[in-house]
Protein chains: 2
Amino acid sequence: MKKKVAVVDDHTLLSEAIAGLVRQFPDFEVVAVCKNGQELINHLKSSLNHPQIVLMDVNMPIMGGIETTTYLSEKYPTIKVLALSVEENEKIILKMLRAGAKGYLLKDTEKSILHNALNDVLSKGFYYTNTVSKILLDSEKNSQNEIVLKGREVEFIKLACTEMTYREIAEVMFLSPKTVEGYREALFQKLNLKNRTGLVLYAIKNDIFIP
Amino acid sequence: MKKKVAVVDDHTLLSEAIAGLVRQFPDFEVVAVCKNGQELINHLKSSLNHPQIVLMDVNMPIMGGIETTTYLSEKYPTIKVLALSVEENEKIILKMLRAGAKGYLLKDTEKSILHNALNDVLSKGFYYTNTVSKILLDSEKNSQNEIVLKGREVEFIKLACTEMTYREIAEVMFLSPKTVEGYREALFQKLNLKNRTGLVLYAIKNDIFIP
DNA sequence: TAATTGACGGGGATAAATCCCCTTTTTTAA
DNA sequence: TTAAAAAAGGGGATTTATCCCCGTCAATTA
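Residues numbered from 1 in each chain as written. Chains lettered and ligands numbered in written order. Predicted model: local features only at pLDDT ≥ 70, side-chain atom pairs only at ≥ 80, totals over all residues.

J.: Please clarify how the pairing of strand 1 (residues 3-8) of chain A should be interpreted in this entry.
T.: Residues in a regular strand point their side chains to alternate faces of the sheet. Residue and element names in this part refer to chain A. Here six bridges tie strand 1 to strand 2 (residues 28-34), and the two strands are oriented parallel to one another. Residue pairing in the sheet places Val 8 in a bridge with Cys 34 of strand 2. By the bridge criterion, four bridges tie strand 1 to strand 3 (residues 53-56) in an arrangement that is parallel. Bridge pairing in strand 3 links Val 5 to Ile 53. (Pairing = 2+ DSSP bridges. Helix = DSSP H or I, 4+ residues; strand = E, 2+ residues; numbered from the N terminus.)

Here you go:
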């Protein structure tokens, strides 16, 4: 019996195309092609033809890959998720894996790799590329000396990513300018920054502030 | 005789998949699948089996879509380019069209639209979706009061998105700090900014500096 | 209970950024 | 070729930003 696959990707052309690719594998069949997580869940609820494995994009409107994977891990733990995305951001990849994805493929992988990955996830339970393995290892290492920002500090950083002066920021936060000064100093210290520009760049790189 | 298509996309899985999709159209055949502009140009130079139309991704390493399209418009003006990307950024779309692309498809279009677009580009010479038409119209309107940044100003902005002081920036640019001061002033004026933080945010929003 | 820690705030100094007005030199264009 | 515009640079003043050292108060912990 053929192994059953669902493809979830908001880009119609791509989901169609990827489904076509999977159909070329003689041991696989495509049971669903969905635009987002919501559509997939609707399919699972209404049909008995459940996939054994889901090829899931990460960036989707309505119901994203991370959200959907979390849902599947809880409600349908027998269905494996294999993430398939152009997103190379380490944090996103980690989130996806923590949500329960059994592997993470970049869209520039070879067709044969996709075939291997599908088979491995079903037989061994997982498929990690070298890149992903490294990211997992690094995340273990770095989880120790992780920099923790306090709530009030994050609040300040967001305001610092603005044309406001520190005095104005202090007003908005109902604090003395001197206290705000303390936050700035503490952040410069622990993040190793030289000036406000550095803080703004840090905030953007770490998704604290999205421009 | 079948119409000849080349697919250019750095994501192997996607270019393969899209090529598969095009092969499903009985009136089209795929003569080349390339990872980037350089590969396409190599193909054009080495083979006589030239495509009539190129399905081109925008974001590619080594030789990007815009660069490649510019090259093709000059050297192989008979080959039409149809852009195919997830990039919805107006400026990118405009750049692609100005470079000579005959149309711009987002990757979430239907298979039938792709077929139509391929045919239209070959018969009529262009294919514009509603979205793209609007962008073109708006660009005409806004082209009047467009803010133009000079080369030296852009150079300065990039350095301002750094922890360097203006004095240091002046050294790097081989200018007097006062001249750099002039650039800053001029930019604050024409971009309506209050301080350096604003300049950094402007640079990031407008892809002058990519963090 | 005494010591410690963390959040909040202050004084005062220096460096950087911002602003306004001005001169010289080079480029551009009428 | 000459007037105009743009680019480069300067003087000097004010405001922000940055830095360092200090004190208070409350909560936590040894």
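Picking up where we left off.
J.: Help me understand the relation of the copies chain A and chain B in this model?
T.: A rotation about an axis combined with a shift along that same axis relates the two copies of the chain. Rotating chain A by 179° and moving it 0.2 Å along the rotation axis overlays it on chain B with an RMSD of 1.9 Å. A rotation of that kind, with that shift, is consistent with a two-fold axis. Looking at the rotation axis and the C-alpha trace of chain A, the residue lying nearest is Ala17(A), at 2.1 Å. A share of 100% of the interface residues of chain A reappears at the interface of chain B, consistent with the copies meeting face to face through the same patch. (Least-squares fit on C-alpha atoms with pLDDT ≥ 70 in both. Contact = placed C-beta atoms within 7 Å.)

J.: Would you take a moment to explain the protein's contact with DNA strand D for this structure?
T.: Taken together, 17 residues lie near DNA strand D, and Thr165(A), Asn195(A), Leu175(B), Ser176(B) and Thr179(B) sit nearest. Put simply, the parts of the chain that give the surface near DNA strand D at least two residues each are helix 8 (166-172) and helix 9 (177-191) of chain A together with helix 9 (177-191) of chain B. Partitioning the surface near DNA strand D into residue classes produces three nonpolar, six polar and eight charged. (Near = placed C-beta within 6 Å. Nonpolar A, V, L, I, M, F, W, Y, C, P; charged D, E, K, R; others polar.)

J.: Teacher, can you tell me more about the interface of chain A and chain B here?
T.: Put simply, an interface is often sized by how much accessible area is lost when its parts join up. Chain A puts 30 residues into the contact, and the matching count from chain B is 30 residues. Those elements that provide at least two residues to the side of chain A that touches chain B are helix 1 (12-23), helix 5 (111-123) and helix 10 (196-205) of chain A. Take the side of chain A that touches chain B: its biggest share by element is eight residues, from helix 1 of chain A. Of the residues in the side of chain A that touches chain B, the class split is twelve nonpolar, eight polar and ten charged.

J.: Please explain the environment of Ala6(B) as it appears in this structure.
T.: All names here are of chain B. Checked against the element boundaries, Ala 6 lands in strand 1 (residues 3-8). On a C-alpha basis, the gap between Ala 6 and Val 54 in space is 4.7 Å, while along the polypeptide they are 48 residues apart. Each residue touching Ala 6, except ones within four places of it in the same chain, is listed here: Val 31, Ala 32, Cys 34, Leu 40, Pro 51 and Val 54.

J.: Just checking my understanding: could you explain the sheet that holds strand 2 (residues 28-34) of chain B for this structure?
T.: Each strand in a sheet pairs with another by means of backbone hydrogen bonds, the pair being arranged parallel or else antiparallel. Residue and element names in this part refer to chain B. Reading across the sheet, the five strands line up as 2-1-3-4-5 and stay open at both edges, with parallel pairing between neighbours. Each edge of the sheet is formed by a strand with only one pairing partner; in this case those strands are strand 2 and strand 5 (103-106). When strand polarity is set aside, the average angle formed by the axes of neighbouring strands in this sheet is 25°. This element, helix 3 (residues 65-75), spans strand 3 (53-56) and strand 4 (80-85) of the sheet and lies at about 165° to strand 3. (Axes fitted to C-alpha atoms, helices over the stretch in contact; angles between N-to-C directions.)

J.: Sorry if this is basic, but what is going on with the sheet that holds strand 3 of chain A here?
T.: All names here are of chain A. Here five strands make up an open sheet; going across it, the order is 2-1-3-4-5 and the pairing parallel. Whereas interior strands pair on both sides, the edge strands pair on one side only; in this sheet they are strand 2 and strand 5 (103-106). Averaged over all pairs of adjacent strands, the angle between strand axes in this sheet comes to 25°, irrespective of strand direction. Inspection of the sheet shows strand 3 paired to strand 4 (residues 80-85) by four bridges, in the parallel sense. In the sheet register, Met 56 faces strand 4, and the bridge partner there is Ala 83.

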